Amino acid sequence: MRLLLESFGARVLIESSDDLSEVASGLRDLFARRYIPSFIISEYSGSSYDARIHWDVTSGEFRVNEYSLGDVDEFKISSPPPRPYTCESPYFFVLQVFARQYLKKGYLMFTDAVSFTDGKGDAYLILGYPHGGKSSILTIALANGYSPLTTENTIVRVASGYLEVVGGTDVLVLDPYTLDRYGLDLRVKPDGSTRHGYLIVDLGKRVSKSLFPVKIKSIYVVHCSFSSIGASKKLIKGRKAMKTLWQFATSIIRGIDYYEPYPLYLSDDKLDELQRRYLTKVSAMYEGKFYEIFGSHLDVFNEIVRER
């Protein structure tokens, strides 16, 4: 049985001598779209692909048994079908495989990154470490009539003089306390909740594909807390700009973002150099438009959209 995953021009073949129907079901789960940028899954009917995964469906733990990197990347894994909470490693492995293909196709993927647009042709790229406030900022944007574009992993393209968002993940997981804390009306009905009580909003059925691509106006690294008051920001420049961009652009492909039993390292000298060239351009393009910002989620949001 053969399946094909396609995402932003990257094609990943999954094949097995076992039945892959449960694998396909797991990849169609909303959980997959929380982490893997927009993709379609279908039965493979021929033509080229960029990576091939041979998947032995087992009842044991997820394992990568062999792999080789080249023009076509090859992986042999053994794993149960992917399932939220019980077998999540395959989701993050597939994400990592795609991260390598995106770069080979000429895209950058920023992880821990959300984006939204003002509807007037400008987008804001929001980077942040775990629990830094990204999803709350996106929640506030949604409640204030802005259009969320991406929710966790953001795919961008280096255009002439600027970056543009071309897509990414589109499932928002938000803390309902954000709504209570700031007195917000979400404007949409949640599509469910996690076992920990976070609300799930499927933006894929709410955000028009015609919005893309969107020019990124400015980039922010957010550090927010519910106990903070006000907002303060400072420019990121020089070596720190490259260091920060490198962290968010390379952590998936280099295996810094953990999954069990341990992630692979899927970059190489050629892709590292390509990544460096792209990020050097981004650092220069956004000199004076790349900030670190601290404060309450609402005040930080207001400061971001106030910037002209």
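Up top is the structure these notes are about.
Conventions used here
- The numbers attached to residues start from 1 for each chain and follow its sequence in the written order.
- It should be noted that, the model being predicted, local features are given only for residues of pLDDT at least 70 and side-chain atom pairs only at 80 or more, the latter also being counted only at that level, while totals for whole chains, interfaces and linings use all residues.
- Side-chain numbers come from the whole structure's heavy atoms, not from hydrogens or water.
- For the purposes of this entry, the term helix denotes a DSSP run of H or I that reaches at least four residues, the term strand denotes a run of E that reaches at least two, and both are numbered from the N terminus.
- How far a helix is expected to stretch is found by multiplying one less than its residue total by 1.5 Å.
- Relative accessibility decides the category of a residue: with a 1.4 Å probe and only protein chains considered, values under 20% of the type maximum give buried, values over 50% give exposed, and everything between is partly exposed.
- Contacts: residue pairs with any heavy atoms within 4.5 Å of one another.
- Polar contacts, as used here, are pairs of N or O atoms within 3.5 Å; protein pairs need one atom able to donate a hydrogen and one able to accept it. Residues neighboring in sequence count only if both atoms are side-chain atoms.
- Two strands qualify as a pair provided that DSSP identifies no fewer than 2 bridges between them.
- The nonpolar core is taken to be a set of buried Ala, Val, Leu, Ile, Met, Phe, Trp, Tyr and Cys residues, with the residues joined through side-chain atoms within 4.5 Å.
- Every case where a carboxyl oxygen of Asp or Glu lies within 4 Å of a side-chain nitrogen of Lys or Arg is listed as a salt bridge.
- Definitions used throughout: a 1 Å grid over protein atoms alone; a cavity as a set of points that fits a 1.4 Å probe which cannot get out; a pocket as an open set with protein on both sides within 12 Å along at least five of seven lines; a lining residue as one with an atom within 4 Å of a point.
- Grid points are joined across faces, edges and corners, and a volume is the space filled by probe spheres set on the points.
- Following the grouping adopted for this structure description, the nonpolar residues are Ala, Val, Leu, Ile, Met, Phe, Trp, Tyr, Cys and Pro, the charged ones are Asp, Glu, Lys and Arg, and the polar ones are all others, Gly among them.
- Axes here refer to lines fitted to C-alpha atoms; in helices the fit is confined to the stretch in contact. Angles between the N-to-C directions go from 0 to 180 degrees.

Student: I tried to follow helix α6 (residues 239–250) on my own but got confused; where do I start?
Tutor: Spanning 12 residues, α6 covers 16 Å between terminal C-alpha atoms, matching the ideal 16 Å at 1.5 Å per step. Regarding α6, the residues found buried are A241, T244, L245, F248, A249 and T250. Of the surrounding secondary structure, the elements contacted by the buried residues of α6 are β7 (108–110), β9 (122–127), β16 (214–224), α7 (269–285) and β18 (290–295).

Student: Help me understand the side chain of R100, please; the structure alone is not making it clear to me.
Tutor: Here R100 is to be found in helix α3 (residues 89–104). Separated by 2.8 Å, the side chain of R100 and the backbone oxygen of L266 make a polar contact. Contact partners of R100, with chain neighbours within four places excluded, come to L69, G70, D73, I253, L266, S267, D268 and L271.

Student: Would you take a moment to explain the pairing of strand β13 (residues 171–174) for this structure?
Tutor: Within a regular strand, the side chains alternate between the two sheet faces. Residues of β13 alternate between two faces, with V171 and V173 on one and L172 and L174 on the opposite face, all of them buried. Note that β13 and strand β15 (residues 199–202) share four bridges and pair antiparallel. Pairing of L172 across the sheet is with V201, part of β15.

Student: Can you walk me through helix α4 (residues 134–143) in this structure?
Tutor: Think of an α-helix as 3.6 residues a turn; residues three or four steps apart then line up on the same face. Of all the 10 residues making up α4, nine are buried; the element is thus mostly covered by neighbouring parts of the structure. Those residues of α4 that sit buried are K134, S136, I137, L138, T139, I140, A141, L142 and A143. Just beyond α4, the residue with positive phi is G145, at close to 90°.

Student: Would you explain the pairing of strand β6 (residues 73–79) in this entry?
Tutor: Of all seven residues making up β6, five are buried, and the element is well covered by its neighbours. Of the pairings in the sheet, the one linking strand β5 (residues 63–68) to β6 comprises five bridges and is antiparallel in character. The residue of β6 that forms the bridge with S68 is E74. Between β5 and the antiparallel strand that follows it, β6, lie four residues.

Student: Explain the nonpolar core here, please?
Tutor: General note: in soluble globular proteins, nonpolar side chains tend to be found buried as a group. By size, the foremost hydrophobic cluster in this structure holds 97 residues, and its most contacted members are L5, I53, F93, F110, F116, I219 and I304. Ignoring any residue separated from it by four or fewer positions in sequence, one finds I304 in contact with F116, Y124, I126, Y220, V222 and I293.

Student: Would you mind showing me how to read the pattern of salt bridges here?
Tutor: When charged atoms on two side chains of opposite charge get close, those side chains can pair. According to the stated counting rule, one finds 21 salt bridges in the structure shown. When the shortest N-O distance is used, the salt bridge between D170 and R33 registers 2.9 Å. Of the two residues, D170 sits in the loop between β12 (163–168) and β13 while R33 sits in helix α2 (residues 30–35), which places them 137 residues apart along the sequence. Classification of D170 by relative accessible area gives buried; the value is 10%. Its salt-bridge partner being R306, residue E303 comes within 2.8 Å of it at the nearest N-O pair. Of this pair, E303 and R306 both sit in helix α8 (residues 297–306), three residues apart, which is roughly one turn of the helix.

Student: I'm lost on the environment of L163 in this one. Help?
Tutor: Of note, L163 is situated in strand β12. On a C-alpha basis, the gap between L163 and G132 in space is 23 Å, while along the polypeptide they are 31 residues apart. Beyond its immediate sequence surroundings of up to four residues, L163 is in contact with F110, V156, R157, V158, V214, K215, I216, I219, V282, M285 and Y286.

Student: What am I meant to see in empty space enclosed by the protein here?
Tutor: Space left empty within the atom packing is revealed by a probe, the size of a water molecule, rolled over the atoms. All told, the structure shown has two cavities of 30 Å³ or more when counted by the stated rule. By volume, the largest cavity amounts to about 70 Å³. Residue assignment for the lining of the largest cavity shows that the elements contributing at least two residues are α3 and β7. Its residues assigned to classes, the lining of the largest cavity comprises eight nonpolar, one polar and no charged. Considering only enclosed or pocket space, the second largest cavity measures out at about 40 Å³ in volume. In terms of lining, the second largest cavity is formed by F92, L95, Q96, I252, G255, D257, Y259 and P263. Looking at the lining of the second largest cavity residue by residue, the classes come out as five nonpolar, two polar and one charged.

Student: Is there a simple way to explain the sheet that holds β6 in this structure?
Tutor: Sheet strands pair by backbone hydrogen bonding; their relative direction is either parallel or antiparallel. Across the sheet, six strands lie side by side as β3-β1-β2-β4-β6-β5; this open sheet has mixed pairing. Strand pairing shows two members of the sheet lacking a second neighbour, β3 (40–43) and β5, which therefore form its edges. The sheet shows a mean angle of 20° between the axes of neighbouring strands, direction not considered. Pairing analysis gives four bridges linking strand β1 (residues 2–7) to β3, with the strands arranged antiparallel. Residue E6 lies in a different strand from β3, and its bridge partner there is I40. Sitting on the sheet, α3 touches β1, β2 (10–15), β4 (51–57), β5 and β6, and the angle it makes with β6 is about 175°.

By themselves, these observations are geometric and do not establish any function.
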